[in-house]
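Listed here are the chains, written in short residue letters.
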Amino acid sequence: MSDLSVELTAPNGVKYTQPTGLWINNEWVKSKSGEKITSINPTDEKEIVSVYAAGPEDVDLAVAAARKAFKDPAWRDMATTGRGELMYRFATLIEQHKETLATIETWDNGKPYSVALNEDLAEVVSTLKYYAGFADKVHGQVIDTTPAKLAYTIREPLGVCGQIIPWNYPLLMAAWKLGPALCTGNTIVLKAAEQTPLSILYLANLIKEVGFPPGVINILNGEGRKAGAALASHLGVDKIAFTGSTTTGREIMKMAAINLKNITLETGGKSPLLIFDDCDLDQAVKWAHIGIMYNQGQVCSATSRILVQEGVYEKFVSAFKEYVSTTSKVGDPFADDTFQGPQVTKAQYERVLSYIESGKHEGATLVSGGEAHKDVGGKGFFIAPTIFSDVKDTMKIFREEVFGPFVVVSSFKTEEEAISRANDTTYGLGSAVFTQNITKAHRVARNIEAGMVWINSSNDSDMRIPFGGVKMSGIGRELGEAGLEAYTNKKAVHVNLGTVL
Ligand code: NAI
Ligand code: MG
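Because the structure is predicted, anything quoted here is derived from the model rather than measured. Along every chain, residues carry numbers that run from 1 in the direction the sequence is written. As a convention, the first chain written is A and the first ligand written is 1, with the rest following in written order. Local features in this predicted model are restricted to residues of pLDDT 70 or higher, and side-chain atom pairs are both shown and tallied only at a pLDDT of 80 or more, whereas totals for entire chains, interfaces and linings draw on every residue. To get the side-chain values, take all heavy atoms of the structure and skip hydrogens and water.

1. So, the packing of helix α1 (residues 56-71) against helix α8 (residues 224-232)
Geometrically, a packed helix pair is captured by the angle between its two axes and the distance between the axes. Test applied: Only C-alpha atoms enter the line fits that serve as axes; for helices the fit covers just the stretch in contact. Angles between N-to-C directions range over 0 to 180 degrees. Only runs of H or I of at least four residues qualify as helices and only runs of E of at least two qualify as strands under DSSP, and these elements are numbered from the N terminus. Oblique is the label for any angle not covered by the other classes, which are roughly parallel (under 35 degrees), roughly antiparallel (over 145) and roughly perpendicular (65 to 115). Note on convention: the crossing is left-handed when the near helix lies turned anticlockwise from the far helix by less than a right angle, right-handed when the turn is clockwise. A contact between two residues is defined here by any heavy atoms of the two lying within 4.5 Å. Classification convention: Asp, Glu, Lys, Arg as charged; Ala, Val, Leu, Ile, Met, Phe, Trp, Tyr, Cys, Pro as nonpolar; all other residues, Gly among them, as polar.
The interhelical angle for the contact between α1 and α8, taken along N-to-C directions, is 40°, at an axis separation of 9 Å. The angle between the axes of α1 and α8 places the two elements in the oblique class. Viewed along their axes, α1 and α8 form a crossing whose handedness is right-handed. From α1, P56, V59 and V63 reach across to α8, where they touch A227, A230 and L231. For the contact of α1 with α8, the residue count by class is 6 nonpolar, no polar and no charged.

Below is the structure:
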């Protein structure tokens, strides 16, 4: 076992056993090729540990295990209430290990420990409990036609589901996908992001202890182009659920076409936040800050384009600058007063810096930030929270997703102009509107092209409410009852009660 796990001590002193294998059929195994990926601590740029990376052969094994489990009466014929109890136990066990899981998340991803523990882990647990509660409440319908026919529907699981997870919320994105897939009776091959491979392996160790039959949940690390692509194009996989970039989402859609897989895609965004003259400006400032600076700005639905009506524009920009400078404390993610840790990887850090250069070059006004933050021991992928104002719609920084603590601000005159500029994007994930006028608020909510609208808040998502986008921000919905649609078929049964030929 020793080469499939290692004893580690995290920067906050937490000691734990880190699994390093692939979790297939409730066992730890090495990758066939012996290939590994190395996880880096974004705070000090040091290596944490290397873990096995799946290739196509390992994906084959995991898919075969999931296929066998899908047909296994131990899972297929389990009473739905029992399935719910199993999931609830899973959530409870995760809760018992939450400090270790949050520690790993912070070490590997860079997000503040307080956020990993009190928000990510809390939401992982509540999402799994929420979907545990659905396990015995998914049912079909009887459909009336004529007295000569009884017709009803059965909601069936789809089969083997491939789930491809991003690095911005490694455990939470896994929970969003595991919850609805498990409560509806599917089996799973989940591939974590290569940038953050560690926390999901610790979670995998709990699966057997909970009592899930072998093969129901298989967990792999591996590179997107190898393991991810093998999963998305696998003929033995019935569904693929993906969260990540729009570019990769398109690739996955193409690969999934090989056997017409059912797909759910949660991709990128450039979500607008509209501030009208008649809003509560104090609240607008605070929510605008959360909406873009939270989680180092690495949030798909981050409200990264702020449009402010001209009457309050100057006032907003100066209040926002002041609020960001006092609230967005950048530093060691294990320190209690840190709001913003490092970006997840060097690649993401460089990507954000390149957009900063682009903003300066295109002539936007730099309000604050605009550089790397080098005060944390001179190391790490830290970026000073960056605000550009007077941004034009044609500028790259107004149009492209940056995925960092980076926001653009621009002014507008009329509601009509605000809506047309808000909608002038290929994306359509989140959006927010600040006004005290309820009629205007609901009218704007209807006219915005987005999967989600926040009125007088931003990004306070909730597992009971559908999450997802329109346009190039994705296909399908996660969370809420809507999330079950993504993991079930409706089989129609026709019963002849008297039509004689
Ligand atoms: P990515 O979309 O390439 O990676 C996300 C997941 O997809 C990872 O598990 C990765 O291994 C997998 N993947 C990558 N290429 C694949 C392929 N060809 N086939 C199958 N799976 C594949 O995102 P990346 O490169 O890490 O980040 C680039 C940008 O994507 C970010 O700057 C950000 O704009 C966006 N992004 C958006 C996220 C969201 O929550 N919507 C999350 C992560 C990134
Ligand atoms: Mg890392």
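Right, picking up where we left off after that structure.
2. Overview of the site of ligand 1
Quick note on the threshold: Proximity is defined per residue: if any heavy atom of the residue lies within 4 Å of a molecule or strand, that residue is considered near it. N or O atoms within 3.5 Å of each other form a polar contact, as long as, within protein, one can give a hydrogen and the other can take it, and as long as residues adjacent in sequence are counted only when both atoms are side-chain atoms. Under the convention used here, a 1.4 Å probe and the Shrake-Rupley method define accessible areas, while residue burial counts only the protein chains that appear.
The environment of ligand 1 is made up of 27 residues, and the closest members are I165, W167, E194, S245 and E401. Within the contact set of ligand 1, an oxygen atom lies 2.5 Å away from a side-chain nitrogen or oxygen of E194. T248 places a polar side-chain atom, nitrogen or oxygen, 2.9 Å from an oxygen atom of ligand 1. The fraction of the free accessible surface of ligand 1 (810 Å²) that becomes covered by protein chains is 90%.

3. Examining the layout of surface pockets
To keep it simple, the criterion reads: Of the grid points, spaced at 1 Å and generated over the protein atoms alone, those admitting a 1.4 Å probe that cannot get out make up cavities, while open sets with protein on both sides within 12 Å along at least five of seven lines make up pockets; any residue with an atom within 4 Å of a point is treated as lining. Grid points are joined across faces, edges and corners, and a volume is the space filled by probe spheres set on the points.
The computed volume of the largest pocket comes to approximately 1,000 Å³. If you go around the largest pocket, you meet 37 residues; those closest to its centre are W167, F242, G244, S245 and T248. Taken together, the elements giving at least two residues each to the lining of the largest pocket come down to α8, β12 (239-243), α9 (246-256) and α12 (346-362). Ranked by residues supplied to the lining of the largest pocket, first place goes to α9 with 7 residues. Partitioned by chemical class, the residues of the lining of the largest pocket number 14 nonpolar, 14 polar and 9 charged.

4. Considering helix α7 (residues 199-210)
Formally: Multiplying one less than the number of residues by 1.5 Å gives the expected span of a helix. Throughout, exposure labels follow a simple rule: accessible area from a 1.4 Å probe, protein chains only, divided by the maximum for the residue type, with under 20% read as buried, over 50% as exposed, and the rest as partly exposed.
For α7, built from 12 residues, the straight-helix expectation of 16 Å at 1.5 Å per residue is met to within 8% by its first-to-last C-alpha distance of 17 Å. Looking at α7, one finds that the buried residues are S199, I200, L201, Y202, L203, A204, L206, I207 and V210. Positive phi appears at G211, one or two residues downstream of α7, with a value of about 110°.

5. Regarding the UniProt feature "domain: Aldehyde dehydrogenase" (unreviewed entry) in the protein
As a reminder, the rule being used: UniProt positions are given in the numbering used here, feature names are shortened, and annotations may be inferred rather than shown by experiment.
Here, the residues flagged by UniProt with the feature "domain: Aldehyde dehydrogenase" (unreviewed entry) are residues 28-493. The distance from the first to the last C-alpha atom of residues 28-493 is 42 Å, and the span holds 40% helix and 18% strand.

6. Observations concerning the pairing of strand β11 (residues 217-220)
Put simply, the test is: When DSSP locates at least two bridges between a pair of strands, those strands are taken to pair.
With burial as the criterion, each face of β11 is covered, one bearing I217 and I219 and the other bearing N218 and L220. As paired strands, strand β10 (residues 187-191) and β11 are joined by 4 bridges and run parallel to one another. Counted as the bridge partner of V189 is N218 from β11.

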